[in-house]
Amino acid sequence: MKKLTKTLIVDGNSLLQLGFHGLKNFQDKNANLGAVFYFLNTIKKLILEHTFNKVVVTWDGEKNYESRRKMYPDYKIKRVNKRMSDEKRESLYTQKTRIQQYLEEVFIRQCEFKGYEADDCIAFYCLNNNKEDITILTNDRDLTQLISSNVNLKLLNNLNIVKNG
């Protein structure tokens, strides 16, 4: 029997936000690098601990709410828009861009689709792939519904990987 590829699929926005807000004072000169540091070190640690041989990072696409609003027009309509200052928004965008460039340099696959959230991409990937042993890295507890014989879940704020059985 052929050994399954061990794949880590990452909710990029979830990991980015956690690093950005959690390490907001991690500076290099005048630039905040908390998200970059946290993102890359988290992935590195998991690859080393669990010997993943494939990593895929998913990102929220532009207007990521569109696909769900077609089915449910009120989707996230009442969600309070947490306003960030222009400076913080620029820092977040700059760090995201830097992370994406670093991931390209180390040949980590990335995907982002207009009108879809990262968790939509993760669900599609998991539900259409039974040839890989997949671990999802996220803070989105909605993705627990994907846990199966070949899909595990690692929540960012939990030390353990949640497995089926």
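In this numbering scheme, every chain counts its residues from 1 along its sequence in written order. This being a predicted model, a pLDDT of at least 70 is required before a residue's local features are given, and a value of 80 or more before pairs of side-chain atoms are given or counted; all residues contribute to the totals for chains, interfaces and linings. The side-chain numbers reported here are obtained from all heavy atoms of the structure, hydrogens and water having been left aside.

1. Description of the overall build of the protein chain
Of the regular secondary structure elements, the protein chain holds 5 helices and 8 strands. Going from N to C terminus, the protein chain has its helices and strands arranged as β-α-β-β-α-β-α-α-β-α-β-β-β. Across the 165 residues that make up the protein chain, the buried fraction comes to 41%. Any two residues whose heavy atoms approach within 4.5 Å at even a single point are treated as in contact. A separation of at least 24 residues holds for 63% of the contacts in the protein chain among residues at least 6 apart in sequence. Each accessible area value is a Shrake-Rupley result obtained with a 1.4 Å probe; residue values ignore everything except the protein chains displayed when judging cover. Of the roughly 10900 Å² of accessible surface on the protein chain, 51% is carried by carbon and sulfur atoms. Here a helix means four or more residues in a row that DSSP labels H or I, a strand means two or more in a row labelled E, and each is numbered from the N terminus. Exposed residues in this analysis have more than 50% of their type's maximum accessible area, buried residues have under 20%, and partly exposed residues fall in between, with area computed by a 1.4 Å probe over protein chains only.

2. A look at the packing of helix α1 (residues 12–22) against helix α4 (residues 86–105)
It is at 11 Å that the axes of α1 and α4 come closest, and there the two elements cross at 125 degrees. Relative to α4, the element α1 lies oblique. In this structure, the crossing between α1 and α4 has a hand that is right-handed. Contacts from Asn13, Leu16, Gln17 and Phe20 of α1 reach α4 at Lys88, Ser91, Leu92, Gln95, Lys96 and Ile99. The class makeup of the residues in the contact of α1 with α4 is 4 nonpolar, 4 polar and 2 charged. Note on geometry: axes are lines fitted to C-alpha atoms, helical ones only across the stretch in contact, with angles between N-to-C directions running from 0 to 180 degrees. When describing relative orientation, an angle under 35 degrees is termed roughly parallel and one over 145 degrees roughly antiparallel, while 65 to 115 degrees is termed roughly perpendicular and anything else oblique. In a left-handed crossing the near helix is turned counterclockwise from the far helix by less than a right angle, and in a right-handed crossing that turn is clockwise. Side-chain classes are defined by residue name, with Ala, Val, Leu, Ile, Met, Phe, Trp, Tyr, Cys and Pro counting as nonpolar, Asp, Glu, Lys and Arg as charged, and the others, Gly among them, as polar.

3. As for the sheet that holds strand β6 (residues 132–138)
Pairing within the open sheet is mixed, and its 6 strands lie in the order β5-β4-β1-β6-β7-β8. Looking at which strands have only one partner, the edges of the open sheet turn out to be β5 (109–112) and β8 (161–162). Strand pairing is defined by DSSP finding a minimum of two bridges between the two strands. Sheet analysis places strand β1 (residues 5–11) next to β6, joined by 6 bridges and oriented parallel. Following the sheet pairing, threonine 7 is matched in β6 by isoleucine 134. Against the sheet, helix α2 (residues 34–50) contacts β1, β4 (54–59), β6, β7 (151–155) and β8, and its axis sits at roughly 150 degrees relative to β4.

So, to be careful, I would describe these as geometric facts and stop short of saying anything about function.
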